[in-house]
Amino acid sequence: MDKEKALWIYQKMNEIRYFEEEVRRTFGKGEIPGFVHLYAGEEAVATGVMALLEEEDYITSTHRGHGHAIAKGCDIKGMMAEIMGKKDGLGRGKGGSMHVADVEKGMLGANGIVGGGFGIAAGAALTIKTLKQEHVAVCFFGDGASNEGVFHEGLNLASILDLPVVFVCENNQFGEGTPFSYASASETVAERAVVYDMPGVRVDGMDVLEVYNATKEAIKRAKSGEGPSLIECDTYRHYGHFEGDEQKYKSDDDKNKDRDPIPEFKEKAIKKGWFTSEQADEIEAAAEKTVEEAVEFAQASALPDIDSLYEDVFA
Amino acid sequence: MRKISFMNAITEGMDMAMDHDNKVILIGTDVAGGAGVDHLVQDDVHEDAFGGVFGLSKGLVGKYGRERVIDTPIAEHGYFSAAVGAAATGLRPIAELMFNDFVGFALDPILNQGAKMRYMFGGKARIPMTVRTVHGAGVGAAAQHSQTLYGMFGAIPGVKVVVPSNPYDAKGLMLAAVEDDNVVVFSEDKSIYGIKGEVPEEYYTVEIGKAKVTRKGTDLSIVAIGKMVHVAEEVAEKLAADQVSVEVIDLRTVAPWDEETVTESVKKTGRLIVVDESNPHNNTATDIASVVADKAFDYLDGPIKTVCAPNTPVPFASNLEQAYIPDREKVLKVAAELIVDLKNTP
Amino acid sequence: MNEKIIMPKLGMTMTEGTIEEWHKEVGDAVEKGEAILTISSEKLTQEVEAPISGILLSQDVETGDEVKVGEVVGTIGEVEGDIAEANGEEKEAVSEERVSSKENVEKVAKTEGERAKAKTLSNDRNRIFITPLARKMAEDKNLDIELVRGTGGNGRITKLDIKRVEEIGYDYEGENPSEQSAPPAMNVESIGEGLPSMRKIIARNMRESLAKSAQLTLHRKASANMLMAMQQKLREEIEEAELDIKITVTVLIARATILALQDYKKMNAIYHDGELIEYDEVHLGIATSLDEGLLVPVVKNAHHKTIGSLAKEIKAVSTQARGGDADVDLLSGSTFTITNMGATGVEYFTPILNAPESGILGVGALQEEFTLNSNQEVEMEKKIPFSLTFDHQILDGADAATFLEILIKYIESPNLLML
């Protein structure tokens, strides 16, 4: 990893964290309609993967998608406005937290349907393959989605068609409130890759470097036409399934409970000489400011015009 | 002009669409057939390849290759999602749902993904995807392979639904569906695959959202969908003998259906029967009836009637199946009350 | 300044009035107090006077329109220049509140008083099935759908039926329709055309009465010697007691009639809309002539009244009717009517039923005849000629004769009137 990538990762990690903390506060104040699923705690996965993607690469995301969107380059102001249901949101206020997207940035959408992304990512990879492009599609999904039937359909299809797709499982230990250990017959998600004839690796999802290295391998494979890969990232969400979740199902014994990927990476990066403590402070301050500005922007943005209710149903 | 069958017109439509634009792909179970069967794929001829269970896509894989005519596992959720993803990223897939009854496995990609992405993403996505599927009773395929479900697709905002009744429309609507930048369900009645009609050899489209008055009349409007257009024509013939002049409207597009053509006709005739092979409630016929009752109320010279299948699954035994499908006699029976005054007047 | 002309309330129960005639055109000069239009409610007509002097700026409603009480029907302005202003302002509000003729009919029906209450109108039986298109066509062409036969499914009237009626006329006009429940056998609109408004209403009522019932009149005289003697005695005693009551022969005949009706309820009956209802109560109509025509004010619950209170009441209702301030309540709800032509010298006549009543008693001029008494001596006897018209649809001659018999018993044994 070079210094530039390390700085980018640290910046995006902080932007995500400040963003989610701010969303949490704003939600608490009642300024956000509906509900929000926070990504805080899982920043190493989004940033470790996205550090290797270009704008032309595609991702599909989940209901817990803010981190993926920020790391994929979506406009943070537009995201905050969208989450508040404002006119200047990425989706003109019509999608909200669960549908944050920017197709032009290769972000094919957070998704309110658990497992919604498997086929879509495979389809994006099909486009890449059919049009003979040098890109890759990444499908983020949770441990919960791994038990949907379409997980198997998506992986199988991608595999038989040798599609350039990377399936990235964020195993945060719980599907909503049900532990993965209960919901899955297999001990890991990664081991299921073998039946679909693709590499499956399980990495420490709190360690951005592990995520980064595994993704690098998978992308290389995808771009060389060898087909998909599956990466399972062992992680943990700091907050509940959604804001307001009492999280009674959590316990002190939970794996990764006391870890935080951001200071872990900071310490390692400083030790490796990728950036200094002072640089880290600057990045943190800048990230905080970026998010503050996004909130100001979103709060100042108007509600959508009523006429927009009827727009964009059809192209 | 040459006459070709309904099914060949569909094949020709898909063929021309693929020829016209190399971003058009065909994806589905056995749409090519023979993938992975060595003796079928040799020399890239694929002559004996399946080409779909009804053979509608036969020949296309030989012409466009397996990169564009893609056999999938029997996994509708997966490959329909993939079609949505491909459509969102630049391809124009024609995804085949072999029988519309299998929609349960394919619904999420249509209902929650394809139909909603553009709206949720603030207009930034385009999903130019055609869903080819098959509906209709009459071939002894029983309850899970015979239902008529286009109305269900038509109830989803963001989805267009076309139902051709004849070879000309089949080709023109197929080409229009593929050209369209939205999810368009193209629903075929399998029991009329063999009917023949004049079809131009060149590329042409039939406008989506536009119904066609196939027979002019002054006393009674019959709006019909797909195969039911032929039933409506038979009814019109029979009633013409009784000096009752029937106007037949081929709806052609179920969603969004052509309110203007239908209401204008009813304003002229004052009477309406809608013939739809769907089950009788929450369907296209009832939707048309409610809209006409609202928009043309002061022009109505009798109650609006619908003739639909009964509220049952499609039965297997042939006599039961015939009893299920709306036909000339059923429509005439319903029409009788509506036109009694016309018949009484010399 | 402009002054609005509003639909006046002619009586307690009046809710709508009909514009009978405009006497002034827009632009005409009007004097304060001058009649500018005639309006009518169910049985009343009245001139509406100009509230101020000026120019009639607008007629917001047309002849024949039904207008709610209190609504603006026109505007008078002091200067001509206000015409446009007046036209622009109020018209919309007026037309919005104006009720359709159907609603109006229903509302009038509701205010019909006692009679309406006693009736159990069956809506279903009278319901006309008609398609939306045919209804609209009928409205546009001002056709009465009650006179149209429906040939569509479920007997509904369709476009073809309306077209046929347009070409060859109403199906039920001039006939006695058997299937339908008695639609009026005439085009009510055209009756009385060109007549003054009160005459127009009388014309309609008379024509309708004759059209809807089978009228037959019986004549019979009653000896009035005892009655006259009684009247004389009562007068003297009342005078002595210094009471303000005038007992006329009409009052005594009315009392006799009331008792007879209570004894013989078949005559105290209403036949309307296919329903026959006999009444226990007697609401007695008293035909009262005016210069412009005839009104029938009603003495309500006449069977509860003594001769004295009956005398007072008859006087009161007649005066009220003659005074022109009669309202719907005063003029409706009678179950039987008395019409007295005694003052004109006429002996016998054939009164027309006050529809939908079943009987009307005509009283002729008092006669003096020589008769043989029980001792075969010639005697002069006072006699009152009665003309009883009844509806032969529901009563026979024998019924009417029985009633007359009872009536005459009371006339000839007048002490019974005290009971």
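Residues numbered from 1 in each chain as written. Chains lettered and ligands numbered in written order. Predicted model: local features only at pLDDT ≥ 70, side-chain atom pairs only at ≥ 80, totals over all residues.

Caption draft 1: Representation of the overall build of chain B in the model. Looking only at helices and strands, chain B features 14 helices and 14 strands. Residues classed as buried in chain B amount to 60% of the 346 residues present. Taking the intrachain contacts of chain B between residues at least 6 apart in sequence as the baseline, contacts between residues at least 24 apart amount to 78%. (Helix = DSSP H or I, 4+ residues; strand = E, 2+ residues; numbered from the N terminus. Buried ≥ 20, exposed ≤ 12 C-beta atoms within 10 Å, placed from the backbone. Contact = placed C-beta atoms within 7 Å.)

Caption draft 2: Fine view of the overall build of chain A. Scanning chain A from terminus to terminus reveals ten helices and seven strands. Among the 315 residues that make up chain A, the fraction classed as buried is 57%. For chain A, contacts bridging at least 24 residues in sequence account for 74% of all contacts bridging at least 6.

Caption draft 3: Geometry of the interface of chain C and chain B. Contacts between chain C and chain B engage twelve residues on the former and 14 residues on the latter. Put simply, the parts of the chain that give the side of chain C that touches chain B at least two residues each are α5 (132-140) and α6 (159-168) of chain C. Ranked by residues supplied to the side of chain C that touches chain B, first place goes to α5(C) with four residues.

Caption draft 4: Local environment of unusual backbone geometry. Here the residue pair Ala255(B) and Pro256(B) is connected by a cis peptide bond, since its omega of -5° sits within 30 degrees of zero. Assignment of secondary structure puts Pro256(B) in the loop between β12 (253-255) and α10 (259-269). A cis amide bond links Ala355(C) with the next residue in sequence, Pro356(C), at an omega value of 0°. Within the secondary structure, Pro356(C) sits in the loop between β16 (336-340) and β17 (359-363). The backbone of Gln247(A) sits at a positive phi, close to 60°, despite the residue not being glycine.

Caption draft 5: Helix α1 (residues 6-20) of chain B, seen in detail. Residues and elements named next belong to chain B. For α1, with 15 residues, the first-to-last C-alpha span of 21 Å sits near the 21 Å given by 1.5 Å per residue. All of the buried residues in α1 are Phe-6, Met-7, Asn-8, Ala-9, Ile-10, Thr-11, Gly-13, Met-14, Ala-17 and Met-18. In this fold, the buried residues of α1 make contact with β1 (3-5), β2 (24-28), α3 (60-64), β4 (92-97), α8 (167-179) and β7 (183-189). (Expected span 1.5 Å × (residues − 1).)

Caption draft 6: How the structure looks around the interface of chain A and chain B. Taken together, the contact between chain A and chain B spans 38 residues of the former and 38 residues of the latter. Listing elements by their share of the side of chain A that touches chain B, those giving two or more residues are α5 (117-130) and α6 (149-160) of chain A. With ten residues, α5(A) is the largest single contributor of residues to the side of chain A that touches chain B. Split by residue class, the side of chain A that touches chain B holds 18 nonpolar, 13 polar and seven charged. (Nonpolar A, V, L, I, M, F, W, Y, C, P; charged D, E, K, R; others polar.)

Caption draft 7: Summary view of the nonpolar core. Counting 226 residues, the largest nonpolar core has Ala121(A), Val138(A), Val165(A), Val168(A), Ile222(B) and Ala224(B) as the members making the most contacts within it. Here this core gets nine residues from one element, more than from any other, and that element is helix α1 (residues 3-28) of chain A. Not counting residues within four places of it along the chain, the set of residues in contact with Val168(A) comprises Val45(A), Val49(A), Val138(A), Cys139(A), Phe140(A), Ile231(A) and Cys233(A). In terms of nonpolar packing, the next biggest core, distinct from the first, is built from 54 residues, Leu44(C), Met267(C), Ile286(C) and Leu361(C) among them. (Core = buried A, V, L, I, M, F, W, Y, C linked by C-beta atoms within 7 Å.)

Caption draft 8: Examining the pairing of strand β10 (residues 269-272) of chain C more closely. All names here are of chain C. Here β10 pairs with strand β11 (residues 275-278) via four bridges, running antiparallel. Its bridge partner being in β11, Ala-269 is matched across the sheet by Glu-278. Linking β10 back to β11 in an antiparallel pair, the connection comprises two residues, with Asp-273 at a positive phi of about 50°. (Pairing = 2+ DSSP bridges.)

Caption draft 9: View of the sheet that holds strand β6 (residues 54-59) of chain C. Residues and elements named next belong to chain C. Pairing is antiparallel in the open sheet, where four strands are placed in the order β1-β8-β6-β3. Taken across any chain shown, the strands that pair with only one partner, and hence form the sheet edges, are β1 (2-6) and β3 (29-30). Where β1 and strand β8 (residues 72-77) come together, five bridges link them in antiparallel fashion. In the sheet register, Lys-4 faces β8, and the bridge partner there is Thr-75.

Caption draft 10: Local environment of the sheet that holds strand β13 (residues 272-276) of chain B. Residues and elements named next belong to chain B. Judged by pairing direction, the sheet is mixed, and its five strands sit side by side in the order β9-β11-β10-β13-β14 without closing on themselves. What marks the edges here is a single partner per strand, and that holds for β9 (212-215) and β14 (305-308). On average, adjacent strands in this sheet sit at an angle of 25° to one another, irrespective of strand direction. In terms of strand pairing, strand β10 (residues 220-224) meets strand β11 (residues 246-250) through five bridges, oriented parallel. (Axes fitted to C-alpha atoms, helices over the stretch in contact; angles between N-to-C directions.)

Caption draft 11: Structural view of the packing of α5(A) against α6(A). Residues and elements named next belong to chain A. Running from N to C, α5 and α6 cross one another at 15°; their axes reach a closest spacing of 8 Å. Considered as vectors, α5 and α6 are oriented roughly parallel to each other. The handedness of the crossing between α5 and α6 is left-handed. Facing α5, whose interface residues are Phe-118, Gly-119, Ala-122 and Ala-125, α6 presents Val-150, Phe-151, Glu-153, Gly-154, Leu-157 and Ala-158. Within the contact of α5 with α6, the residues separate by chemical class into seven nonpolar, two polar and one charged. (Parallel < 35°, antiparallel > 145°, perpendicular 65-115°, else oblique. Left-handed = near helix turned anticlockwise from the far one by under 90°.)

Caption draft 12: Seen up close, the packing of α1(A) against helix α9 (residues 261-272) of chain A. Residue and element names in this part refer to chain A. For the pair α1 and α9, the least separation of the axes is 10 Å and the interaxial angle reads 160°. On the basis of the axis angle, α1 is roughly antiparallel to α9. Regarding α1 and α9, the two cross each other, and that crossing is left-handed. Taken together, the residues of α9 that come into contact with α1 (itself represented by Ala-6, Ile-9, Tyr-10, Met-13, Asn-14 and Arg-17) are Pro-261, Ile-262, Phe-265, Lys-266 and Ala-269.

Caption draft 13: Inspection of α10(B) at higher detail. Residues and elements named next belong to chain B. Looking at α10, one finds that the buried residues are Thr-261, Val-262, Ser-265, Val-266 and Thr-269. Along the long axis of α10, the arc covered by the buried residues comes to 125°, so they all point the same way. Against the buried residues of α10 lie β9, β10, β11, β13 and α11 (284-295). (Arc of directions from axis to C-beta.)

Caption draft 14: Local environment of the environment of Glu4(A). Structurally, the position occupied by Glu4(A) is in helix α1. C-alpha separation for the pair Glu4(A) and Trp274(A), spaced 270 residues apart in sequence, amounts to 8.0 Å.

Caption draft 15: Structural detail: the environment of Val184(B). With respect to the secondary-structure elements, Val184(B) resides in strand β7. Dropping the residues within four chain positions of it, Val184(B) is found in contact with Thr130(B), Lys160(B), Val162(B), Ala177(B) and Ile208(B).

Caption draft 16: Just the pairing of β6(C), in detail. Residues and elements named next belong to chain C. Of all six residues in β6, six are buried; the element is thus mostly enclosed. Pairing of β3 with β6 involves two bridges; the strand directions are antiparallel. Bridging from a neighbouring strand, Ala-29 pairs with Ile-55 of β6. Inspection of the sheet shows β6 paired to β8 by four bridges, in the antiparallel sense. Looking across to β8, one finds that Leu-56 is bridged to Ile-76.

Caption draft 17: Geometry of the confidence of the model for chain B. The share of residues in chain B with pLDDT of 70 or more is 98%, and the mean pLDDT across the chain is 95. Here the predicted complex carries an ipTM of 0.89, next to a pTM of 0.66. (pLDDT = per-residue confidence, 0-100.)

Caption draft 18: Structural detail: the environment of Leu342(B). Mapped onto the elements, Leu342(B) comes out in helix α14 (residues 340-344). C-alpha of Leu342(B) to C-alpha of Ser245(B): the two residues are 97 residues apart in sequence and 9.8 Å apart in space. Those residues in contact with Leu342(B), other than ones at most four positions away along the chain, are Asp219(B), Val244(B) and Leu160(C).

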